[in-house]
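Here's the letter readout for the chains.
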Amino acid sequence: MTAAFKPLIFSGVQPTGNLHLGNYLGAIRKFVALQETNECIYCVVDLHSLTAQLVHDDLEGQTRSITAAFLASGIDPKKHIVFNQARVLQHAELAWIFNCVARIGWMNRMTQFKDKAGKDRENASLGLLAYPSLMAADILVYRATHVPVGDDQKQHLELTRDIAQKFNNDFSSRIADLGIGVEMQVGEETVNGYFPITEPIIGGPAARIMSLRDGSKKMSKSDPSDLSRINLTDDADTISKKIRKAKTDPAPLPSELEGLKERPEAENLVGIYAGLADISKEEVLRQFSGQQFSVFKPALADLAVEKLAPIADEMRRLMADPGHIDAVLRDGGNRARVIAEKTMKDVRNIIGLLGD
């Protein structure tokens, strides 16, 4: 269904806390690779950050920090678009439309809402419940055909697809009358669709990075222990120290992946090495089969320092010049707004909203 649409990749990162190794391997490194052969739009989703915490001490600084990480990692803001969400008001406008497309039952099924709201759902913000429809708007306001997603966002992308399909179905005849649709096969029916049914991009040897202190928990910005994660701003000594102190078990590394079952910390460190070296976990085990962690950890530390320390250095340099970062975001916002407004003009016409 996406073949008739211009290929475009969209993804966003929330400006909440320091970015860490999991964000880098699970998202940003993938963003850098995708830009080599695709047209990409990368967004700092500052409006989304309000769902987790309305009042921030330094939301502007956090937004600049995420942008600095994008740039330091190798994303090219001239060839592609890098901006912060709040600069493009069409995101919020389309999110309202999608709030009216989506069903409350769909939102109530979102596991991330259940996890974050906990038992006291009555006190959760409406924004937290409606978060997925804003995510759908982020993607579809650019009619993006592909989105790189981690495990925790798969369900939200499924909802994006559901919203796009319902919009296309509900307005099929209107879209056809305006001559702005793409014929799509939905079951036995042919529908004139305006929005693509966005496809996920999933994969990589280290798509899910776990805590260095507990292999059963995802690496997180919010973990109270700084030793649980490697921050992108950590210097070489700190990176090495955290890997040396990472929790492991006394057994040597196995020769096969099967041998990592029931060994979450060992599997996590092997996954980190695979992600940083851009090789498979099987290849890591071929290199280190039978070795103790006293051998593997120094090798992992050297690799992590080689890959991450230059990014930290460049981030510090960029953060010392906030005017440059703001200029990148302003330029990206202006370019994104042109695309988003074209979509919204079509959407207003499809729905029948009067305007200038």
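Residues numbered from 1 in each chain as written. Predicted model: local features only at pLDDT ≥ 70, side-chain atom pairs only at ≥ 80, totals over all residues. Heavy atoms only, no water.

**Here's the deal with the overall build of the protein chain**
Then, number 1: Summing up its helical and strand segments, the protein chain has 14 helices and seven strands in all.
Then, number 2: Against the globule reference of 21 Å for 356 residues, the protein chain gives a C-alpha radius of gyration of 22 Å, in line with a compact fold.
Then, number 3: Dimensions of the protein chain, computed from C-alpha atoms along their principal axes, come out at roughly 70 × 50 × 45 Å.
Then, number 4: Taken over 356 residues, the protein chain has a buried fraction of 48%.
Then, number 5: Sequence separation of 24 or more characterises 75% of the internal contacts of the protein chain that already satisfy a separation of 6 or more.
Then, number 6: Of the accessible surface of the protein chain, which amounts to about 16900 Å², a share of 50% is contributed by carbon and sulfur atoms.
Then, number 7: Side-chain charges of the protein chain comprise 43 positive and 47 negative groups, with the mean position of each set lying 2 Å from the other. (Helix = DSSP H or I, 4+ residues; strand = E, 2+ residues; numbered from the N terminus. Rg over C-alpha atoms; globule rule 2.2 N^0.38 Å. Buried < 20%, exposed > 50% of the residue type's maximum accessible area, 1.4 Å probe, protein only. Contact = heavy atoms within 4.5 Å. Areas by Shrake-Rupley, 256 points an atom, 1.4 Å probe, with all protein chains shown as cover. Lys, Arg positive; Asp, Glu negative; His and termini not counted. Charge placed at Lys NZ, Arg CZ, Asp CG, Glu CD.)

**Description of the environment of D138**
Then, number 1: In this fold, D138 is placed in helix 7 (residues 126–140).
Then, number 2: Overall, the relative accessible area of 2% leaves D138 in the buried class.
Then, number 3: Within the structure, the side chain of D138 is placed 2.7 Å from the side chain of H48, a separation counted as a polar contact. (Polar contact = N/O pair within 3.5 Å; in protein donor to acceptor, adjacent residues only side chain to side chain.)

**Re the side chain of D46**
Then, number 1: Structurally, the position occupied by D46 is in helix 2 (residues 46–52).
Then, number 2: R87 is the oppositely charged side chain nearest to the buried, salt-bridge-free D46, at an N-O distance of 7.0 Å.
Then, number 3: Of note is the side chain of D46, whose polar atom sits 2.9 Å from the side chain of N84.
Then, number 4: Once you skip the residues sitting within four places of it in the chain, D46 turns out to touch P15, T63, N84, Q85 and A86. (Salt bridge = Lys/Arg side-chain N within 4 Å of Asp/Glu carboxyl O.)

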